[in-house]
Amino acid sequence: MIRFYKGKNYDSASKIAADIIAAQMILKPDCVLGLATGSTPIGAYQELIRMNQAGLIDFSEVSTCNLDEYVGLGGNDEQSYRYFMNHQLFDHVNIDKTRTHVPNGLADDIQAACREYDEIVASVGGADLQLLGIGHDGHIGFNEPGDSFDRGTHLADLQESTIRANSRFWDGDESKVPKQAVTMGIATVMSARRILIMACGADKREIITKAFHGPITPQVPASALQLHPCVYVVGDEAAMGDLC
Ligand code: PGA
């Protein structure tokens, strides 16, 4: 089942996404949320913070597992995804930080850290709801075009296009962008019971259309989601066009 939801603009799309996450939290207060970084989910996180501070939703029993982390960056590095999550969400809500999980980008043995991360995801029971953004090349997490659909958490080499896109966080200096990341694989993502993927902006229209109306192929990693039993696709008018 794939359901499409279109907000008029970024703020209303963010509100729809936050409402879906809040619904999951209300139905199962000790749920496991799979979370994502990037520009797209920031508005949804702000809305969740507002709802939490208004007493409408409670994070005290929630666990989280993030999709990915750059290799070589620790949690105090402003560009790390642990830092992003703390600053964009965790520091502002009543979550128990010991229940928040982000892959370890500083592990000496990255392969072992990948296996351990899959064990952590399994030990909390798997994600009830996995939030995703989508890259212009169709990547989800750091699963780039060509990656097979059956992988768990693994070490990924970033594509040139992803390095270029993410260099905006390093003042446009591509040489500073880490070239590798630890990422949940498509199999890890697909094991979530529900998936919420967000796309906003006209620049995402072509890829989100390809992902859900094009062939299912590793060349468009997000197209794997067509095989999932419960997906919510949420975006603004610019991205969603005639998708719904
Ligand atoms: P964005 O990134 O939300 O910053 O567009 C999405 C992604 O690359 O997965």
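The coordinates are above.
What this report covers is the structure whose coordinates are included nearby. This one's a predicted model, so the numbers in the text were calculated from it and none came from an experiment.

Turning our eyes to something else, we now look at the packing of helix α1 (residues 10-27) against helix α2 (residues 42-53). α2 packs onto α1 with a crossing angle of 55 degrees between their chain directions and a minimal axis gap of 8 Å. With respect to their mutual orientation, α1 and α2 come out oblique. Crossing angle aside, the handedness with which α1 passes α2 is right-handed. In contact with Tyr10, Ser14, Lys15, Ala17, Ala18, Asp19, Ile21 and Ala22 of α1, α2 contributes Ile42, Gly43, Ala44, Glu47, Leu48 and Met51. Residues belonging to the contact of α1 with α2 are distributed by class as follows: nine nonpolar, two polar and three charged.

Right, let's talk about the site of the ligand for a bit. Close contacts around the ligand come from Gly38, Ser39, Thr40, Gly133, Ile134, Gly135, His139, Arg168 and Lys204, and that covers them all. A distance of 2.9 Å is found between an oxygen atom of the ligand and a backbone nitrogen or oxygen belonging to Ser39. Thr40 places a side-chain nitrogen or oxygen 2.4 Å from an oxygen atom of the ligand. The residue makeup of the shell around the ligand, split by class, is one nonpolar, six polar and two charged.

Within the secondary structure layout, Ile208 lies in helix α7 (residues 205-213). C-alpha separation for the pair Ile208 and Tyr117, spaced 91 residues apart in sequence, amounts to 28 Å. Setting aside residues no more than four positions away along its own chain, Ile208 makes contact with Ile134, Ala199, Val233, Ala239 and Leu243.

Next up on the list: the side chain of Thr100. Mapped onto the secondary structure, Thr100 falls in strand β5 (residues 100-101). Here Lys97 takes part through its backbone oxygen, which lies 2.7 Å from a polar atom of the side chain of Thr100. Not counting the four nearest positions on each side in its chain, Thr100 is found in contact with Thr64, Arg82, Phe90 and Ile95.

Okay, α7 next. When α7 is considered as a whole, its buried residues turn out to be Ile207, Ile208, Ala211 and Phe212. The arc enclosing the buried residues of α7, seen along the axis, measures out at 115 degrees, which places them on a common side. Those residues of α7 that are exposed and aimed more than 90 degrees away from the buried face are Glu206 and His213.

Another aspect to go through is the packing of α2 against helix α3 (residues 81-88). Following both chains from N to C, one finds α2 and α3 inclined at 40 degrees, their axes separated by 10 Å at the closest point. In terms of orientation, α2 lies oblique with respect to α3. Counting all contacts with α2, which are made through Ile42, Tyr45 and Ile49, the residues of α3 involved are Phe84, Met85 and Gln88. Residues belonging to the contact of α2 with α3 are distributed by class as follows: five nonpolar, one polar and no charged.

One non-glycine residue, Asp171, lies in positive phi territory at about 55 degrees. Along the polypeptide, Asp171 turns up in the loop between α5 (160-166) and β8 (180-183).

Time to look at the sheet that holds strand β9 (residues 194-199). If you walk across this open sheet you meet the seven strands as β1-β10-β9-β6-β2-β3-β5, and the pairing is parallel. Where the open sheet ends on each side, the last strands, each with one partner, are β1 (2-7) and β5. With two bridges connecting them, strand β2 (residues 32-35) and strand β6 (residues 129-132) associate as parallel partners. Among the inter-strand pairings, Leu33 is bridged to a residue of β6, identified as Leu129. Those strands touched by α1 are β1, β2, β6, β9 and β10 (231-236), and its axis lies near 155 degrees from that of β10.

Among the surface-exposed residues, Asp108, Asp109, Glu116 and Glu119 lie close enough to one another that they form a single negatively charged patch. In this structure, Asp108 sits in the loop between β5 and α4 (110-123).

A separate point is the sheet that holds strand β4 (residues 68-70). Taken together, the three strands give an open sheet; going across it, the order is β4-β8-β7, and neighbouring strands pair in antiparallel fashion. With partners counted over all chains shown, the strands left at the sheet margins are β4 and β7 (154-157), one partner each. Going across the sheet, the axis of each strand differs from the next one's by a mean of 30 degrees, ignoring polarity. Bridge analysis of β7 against β8 gives four bridges, and the strand direction is antiparallel. Bridge pairing in β8 links Leu155 to Val182. In the packing of α4 onto the sheet, the strands contacted are β7 and β8, and the crossing angle to β7 comes to about 120 degrees.

The rules we used
- Residues numbered from 1 in each chain as written.
- Predicted model: local features only at pLDDT ≥ 70, side-chain atom pairs only at ≥ 80, totals over all residues.
- Heavy atoms only, no water.
- Axes fitted to C-alpha atoms, helices over the stretch in contact; angles between N-to-C directions.
- Helix = DSSP H or I, 4+ residues; strand = E, 2+ residues; numbered from the N terminus.
- Parallel < 35°, antiparallel > 145°, perpendicular 65-115°, else oblique.
- Left-handed = near helix turned anticlockwise from the far one by under 90°.
- Contact = heavy atoms within 4.5 Å.
- Nonpolar A, V, L, I, M, F, W, Y, C, P; charged D, E, K, R; others polar.
- Near = heavy atom within 4 Å.
- Polar contact = N/O pair within 3.5 Å; in protein donor to acceptor, adjacent residues only side chain to side chain.
- Buried < 20%, exposed > 50% of the residue type's maximum accessible area, 1.4 Å probe, protein only.
- Arc of directions from axis to C-beta.
- Pairing = 2+ DSSP bridges.
- Patch = residues over 30% accessible without salt bridge, like charges linked within 9 Å, V, L, I, M, F, W, Y side chains within 5 Å.
- Areas by Shrake-Rupley, 256 points an atom, 1.4 Å probe, with all protein chains shown as cover.
- Salt bridge = Lys/Arg side-chain N within 4 Å of Asp/Glu carboxyl O.
- Lys, Arg positive; Asp, Glu negative; His and termini not counted.
- Charge placed at Lys NZ, Arg CZ, Asp CG, Glu CD.

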